[in-house]
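Listed below are the residues making up each chain.
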Amino acid sequence: MINKESAAGRAVRIGFLTLWLIITVFPLYWITITSLKPAGDIFTFPIAYWPQTFSLENYTGLFSKADFGVYLANSLVIATVAGVVATLVSTLSAYVLARFEFRSKSAVLMAALVTQMIPAFIALGPLYLLMTDLQLVDHRFGLILVYIAVCIPFCTVMLRGFFENIPDALEEAAMIDGCSRLGALFRVLLPVMRPGIVAAFIFNFVNCWNELFLSVTLMNSDENKTVPTALNGFISSFNIDWGSMSAAAVLTIAPTMLLFAFASRHIVQGLTAGAVKG
């Protein structure tokens, strides 16, 4: 009886996971197939789940009719720079919050958490006025600064958990051997925290890569627009260019999927290390 119940339970779990996998993968499959259909075959009826002919015209049109290569380069530069700087600043601030006691420590942590509860669009108006006064509207450097400020609070709280899981004795032993506090941090603690730092950087990179509201608000010229802004441009009042939008979506998703594929081991190690108190 026990064996039959366990077999039935296993069958239910496998069936549920299979259904969940189909629901998750099908939108990606459909976007990819749509991007490879000729323009005249996208709206055919009955629906063709596997097109008879494949075409790359949607992809070639992205680079011949639009500056999609410029958008990709802008997103890559902005997301990479913002992700690296935000991760570095968050690592140092998380170290301070984990290793030192000071009067406003609880207030700083509370402020970092409260910022995550505020929708981004609420701050668009004041942020636009501030960036206008600083003459950073429609400037990639200005968008990078905004992304860094957005990523730091949550990333700091996240990395603080990693530092708290590392015994103080490891750092103290390095300082006894002659390392300064910064030397112990960079030579001993950061190598141990590599999975957490990689997970934090990927979190920052993906958030910056996919962000739409701030990029649409702060970027006006085509030479400074990012990929999400370009995707939004395929939607007009009277028409949606589904073929070009699907091709652009595939090219937008591909970098993040590759990043997760190559760094999946570090992500799993980082998330589990930060979630369990040592």
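Everything below is about the structure shown above.
Cut-offs applied
- Residues numbered from 1 in each chain as written.
- Predicted model: local features only at pLDDT ≥ 70, side-chain atom pairs only at ≥ 80, totals over all residues.
- Heavy atoms only, no water.
- Salt bridge = Lys/Arg side-chain N within 4 Å of Asp/Glu carboxyl O.
- Helix = DSSP H or I, 4+ residues; strand = E, 2+ residues; numbered from the N terminus.
- Buried < 20%, exposed > 50% of the residue type's maximum accessible area, 1.4 Å probe, protein only.
- Contact = heavy atoms within 4.5 Å.
- Arc of directions from axis to C-beta.
- Axes fitted to C-alpha atoms, helices over the stretch in contact; angles between N-to-C directions.
- Parallel < 35°, antiparallel > 145°, perpendicular 65-115°, else oblique.
- Left-handed = near helix turned anticlockwise from the far one by under 90°.
- Polar contact = N/O pair within 3.5 Å; in protein donor to acceptor, adjacent residues only side chain to side chain.
- Core = buried A, V, L, I, M, F, W, Y, C linked by side-chain atoms within 4.5 Å.
- 1 Å grid on protein atoms, 1.4 Å probe; cavity = no way out; pocket = protein on both sides within 12 Å on 5 of 7 lines; lining within 4 Å.
- Points joined across faces, edges and corners; volume = space filled by probe spheres on them.
- Nonpolar A, V, L, I, M, F, W, Y, C, P; charged D, E, K, R; others polar.
- Patch = residues over 30% accessible without salt bridge, like charges linked within 9 Å, V, L, I, M, F, W, Y side chains within 5 Å.
- Areas by Shrake-Rupley, 256 points an atom, 1.4 Å probe, with all protein chains shown as cover.

Enquirer: I would appreciate a short explanation of the pattern of salt bridges in the present structure.
Expert: For side chains of opposite charge, pairing can occur when their charged atoms come near one another. Counting across every chain of the model gives six salt bridges. Here Glu 164 and Arg 160 are joined by a salt bridge, their closest N and O atoms 2.9 Å apart. Here the residue Glu 164 and the residue Arg 160 both occupy positions in helix α6 (residues 140-164), the gap between them amounting to four residues, near one helical turn. Overall, Glu 164 belongs to the partly exposed group, its relative accessible area being 29%. One salt bridge connects Asp 222 with Lys 225, and the closest N-O pair in it is separated by 3.4 Å.

Enquirer: Would you explain the side chain of Thr 229 in this entry?
Expert: One can find Thr 229 in helix α11 (residues 227-233). Those residues in contact with Thr 229 that lie beyond four places of it in its chain are Leu 212, Ser 215 and Val 216.

Enquirer: Sorry if this is basic, but what is going on with the environment of Ile 197 here?
Expert: Secondary-structure assignment places Ile 197 in helix α9 (residues 194-210). Residues Ile 197 and Met 158, 39 residues apart in the sequence, show an inter-C-alpha distance of 9.7 Å.

Enquirer: I would appreciate a short explanation of helix α5 (residues 124-133) in the present structure.
Expert: An α-helical turn contains 3.6 residues, so any two residues separated by three or four positions project in the same direction. Every buried residue of α5 is listed here: Leu 124, Leu 127 and Met 131. Summarising the axial view, the buried residues of α5 lie within an arc of 65 degrees, below the 170-degree limit, and thus occupy one face. Turned more than 90 degrees away from the buried face of α5, the exposed residues are Pro 126, Leu 129 and Asp 133. Along its buried surface, α5 packs onto α6 and α10 (213-218). Positive phi shows up at Gln 135, right after α5, with a value of about 60 degrees.

Enquirer: Please explain the packing of α6 against α9 as it appears in this structure.
Expert: For any two helices packed against each other, one specifies the crossing angle of their axes together with the interaxial distance. The contact between α6 and α9 brings their axes to 10 Å, and the two run at 155 degrees. Judged by the inter-axis angle, α6 sits roughly antiparallel to α9. Judged by the sense of rotation from one axis to the other, the crossing of α6 with α9 is right-handed. Each of Tyr 147, Cys 151, Phe 154, Cys 155, Met 158, Leu 159 and Phe 162 in α6 lies in contact with α9, whose residues at this interface are Gly 196, Ile 197, Ala 199, Ala 200, Phe 203, Asn 204 and Cys 208.

Enquirer: What should I look at first to understand the side chain of Ser 35 in this one?
Expert: Mapped onto the elements of the fold, Ser 35 is located in helix α1 (residues 2-35). Overall, the relative accessible area of 0% leaves Ser 35 in the buried class. Within the local environment of Ser 35, its side chain forms a polar contact with the backbone oxygen of Thr 32, the two atoms lying 2.6 Å apart. Here Ser 35 is in contact with Ser 55, Asn 58, Tyr 59, Gly 243, Ser 246, Ala 247 and Val 250, once residues within four sequence places are set aside.

Enquirer: It is not clear to me how the nonpolar core should be interpreted in this structure. Could you clarify?
Expert: Inside soluble globular proteins, nonpolar side chains tend to come together where they are buried. Counting residues in hydrophobic clusters, the biggest one holds 20 residues, and the most contacted among them are Ala 82, Met 131, Leu 143, Val 146, Tyr 147, Cys 208 and Leu 214. Contributing elements (two or more residues each) for this core: α3 (68-99), α5, α6, α9 and α10. Residues in contact with Tyr 147, not counting those within four places in the same chain, are Ile 78, Ala 82, Cys 208, Glu 211, Leu 214 and Ser 215. Formed by 18 residues, the second largest nonpolar core is a distinct cluster that contains Tyr 95, Ala 98, Leu 159 and Leu 190.

Enquirer: How should I be thinking about the layout of surface pockets in this particular structure?
Expert: Space left empty within the atom packing is revealed by a probe, the size of a water molecule, rolled over the atoms. The space that makes up the largest pocket amounts to roughly 510 Å³. Lining the largest pocket are 19 residues, with Thr 115, Ile 118, Ala 120, Ala 149 and Val 150 positioned closest to its centre. For the lining of the largest pocket, the secondary-structure elements that each account for two or more residues are α6 and α9. Among the elements that make up the lining of the largest pocket, the one with the highest residue count is α6 (seven residues). Within the lining of the largest pocket, the residues separate by chemical class into 15 nonpolar, three polar and one charged. If you add up the space inside the second largest pocket, you get close to 370 Å³. Along the walls of the second largest pocket sit 23 residues, with Gly 61, Leu 62, Phe 234, Asp 241 and Ser 244 positioned nearest its centre. The element contributing the most residues to the lining of the second largest pocket is helix α2 (residues 57-65), with five residues.

Enquirer: Honestly, helix α4 (residues 105-115) in this entry has me stumped. Any pointers?
Expert: Of all the positions in α4, only Lys 105, Leu 109 and Ala 112 are classed as buried. One side of α4 holds all its buried residues, which, seen down the axis, span an arc of 60 degrees. Exposed and oriented more than 90 degrees from the buried face of α4 are Ser 106, Ala 107 and Met 110. Next to the buried residues of α4 lie α3 and α6.

Enquirer: How do you make sense of a nonpolar patch on the surface when you look at a structure like this?
Expert: Nonpolar side chains collect at one region of the surface, where Met 110, Leu 113, Val 114, Met 117, Ile 118, Phe 121, Ile 122 and Phe 213 lie side by side and expose about 830 Å² of accessible area between them. Residue contributions to the nonpolar patch peak at three residues, all from α4.

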